[in-house]
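Given next are the chains, with one letter for each unit.
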Amino acid sequence: MSVSERYRQAWESYWQNTSDGPGEAIWDADPSLSAVPHLELLAPHADTGLPIADLGCGNGTQTRYLAAHFPRAIGVDLSHAAIEHARRADTEKVAEYEQLNLTDAARVGELHERLGDTNVYMRAVIHQSDPPDRRPVAEAVATLLGRRGRAFVAELTEESKTVLREAAQDPGGPPPKLRRVFDHGLRPADARTVEVPELLREAGLTVLDHGLTTLPQTEYRADGTRIDLPAQWFVVAPA
């Protein structure tokens, strides 16, 4: 199975038209707001002696933080342009990056063979994937975990649509970074809230812990408040 050409081109176009500046992508939050609190939730359940794979790594901001806490960190993304951003930003070469379509089960299996069992960090990938691709993405997590890995998965909830709709209705229209998301045909918060845990279970994963949170963005509304999107998080293990 492979992702649709429309979906792939949308992400390629988005990253090709995004500068290297920190925070230029609306979801490119500082690790203190993302990977730091997320690792605190994952670490009690995980063997931190295993590698970690950052799925949907974008420009690698979170990957570089994770690399300081695991013996090996690899960021993967569907977009070639995103991976080039990540490599340029990683001036100290603390992590590895490669283009990977998570719905390509053969290539995901090859990555597992190279890494062995690995922990996974995945932030906001399922919710914006095309519906037929969501199950394969969850299965990719299971493949990479093997028997010993653990994963932290964070996904937007349906309430995020309301937050985004309200931001888009600000005076002057959507803020610039949010407008670019819409202009490139990306669809945030497209999955139903109940769909994510169902997909994880169907992929052969057991939920060890879960909760509600927000995913802070790098964009602000007209009144100066930061756009924080309602989300849910899961720590999962092989069933």
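Residues numbered from 1 in each chain as written. Predicted model: local features only at pLDDT ≥ 70, side-chain atom pairs only at ≥ 80, totals over all residues. Heavy atoms only, no water.

1. Observations concerning the environment of D20
Within the secondary structure, D20 is located in the loop between α1 (5–16) and α2 (35–42). Under the relative-accessibility criterion, D20 is labelled partly exposed at 45%. A C-alpha to C-alpha distance of 22 Å links D20 and A68, two positions 48 residues apart in sequence. Among the polar contacts listed, one links the side chain of D20 to the side chain of H85, at a separation of 2.4 Å. In terms of polar contacts, D20 uses its side chain to reach the side chain of R88, at 2.9 Å. (Helix = DSSP H or I, 4+ residues; strand = E, 2+ residues; numbered from the N terminus. Buried < 20%, exposed > 50% of the residue type's maximum accessible area, 1.4 Å probe, protein only. Polar contact = N/O pair within 3.5 Å; in protein donor to acceptor, adjacent residues only side chain to side chain.)

2. Digging into the packing of helix α6 (residues 131–145) against helix α9 (residues 195–202)
Helix-helix packing is described using two parameters, namely the angle between the two axes and the distance between the axes. Between α6 and α9, whose axes approach to 8 Å, the crossing angle comes to 55°. As judged from the angle between their axes, α6 and α9 are oblique. Crossing geometry of α6 relative to α9 is assigned as right-handed. Side by side, α6 and α9 meet where R134, R135 and A138 of the first sit next to E195, L199, L200 and E202 of the second. Here the contact of α6 with α9 is composed, by residue class, of 3 nonpolar, no polar and 4 charged. (Axes fitted to C-alpha atoms, helices over the stretch in contact; angles between N-to-C directions. Parallel < 35°, antiparallel > 145°, perpendicular 65-115°, else oblique. Left-handed = near helix turned anticlockwise from the far one by under 90°. Contact = heavy atoms within 4.5 Å. Nonpolar A, V, L, I, M, F, W, Y, C, P; charged D, E, K, R; others polar.)

3. So, unusual backbone geometry
Despite not being glycine, K93 has its phi angle at roughly 55°, a positive value. Structurally, the position occupied by K93 is in the loop between α4 (80–89) and β3 (96–99). By relative accessible area, which is 63% here, K93 ends up exposed. Phi at A124 takes a positive value of approximately 60°, unusual for a residue other than glycine. Looking at the secondary structure, you find A124 in the loop between β4 (119–123) and α6.

4. Observations regarding α2
Turning to α2, its buried residues number three or more, namely A35, H38, L39 and L42. Mapping the buried residues of α2 onto a view down its axis gives an arc of 100°, with all of them on the same face. Residues of α2 that are buried in the fold lie against β1 (52–55), α3 (61–66), β4, β5 (151–156), β6 (205–220) and β7 (226–238). (Arc of directions from axis to C-beta.)

5. Some remarks on the side chain of N101
The topology assignment puts N101 in the loop between β3 and α5 (105–115). Among the polar contacts made by the side chain of N101, one reaches the side chain of T103 at a distance of 2.7 Å.

6. Details of the packing of aromatic side chains
Counted by the stated rule, this structure contains 8 aromatic pairs. Where W11 meets Y14, the ring centres are 6.1 Å apart and the plane angle is 70°; that geometry is what we call edge-to-face. One end of the pair is W11 and the other is Y14, both in helix α1 and 3 residues apart, which spans about a single turn. Side by side, W11 and Y14 carry an identical accessibility label, which is buried. The interplanar angle of 15° and the centroid separation of 6.0 Å between the aromatic rings of F152 and W233 together place this pair among those described as stacked. Placement of F152 in strand β5 and of W233 in strand β7 is noted, with a sequence separation of 81 residues between them. An identical accessibility class is assigned to F152 and W233; each is buried. (Phe/Tyr/Trp six-rings, centres within 6.5 Å; stacked < 30°, edge-to-face > 60°.)

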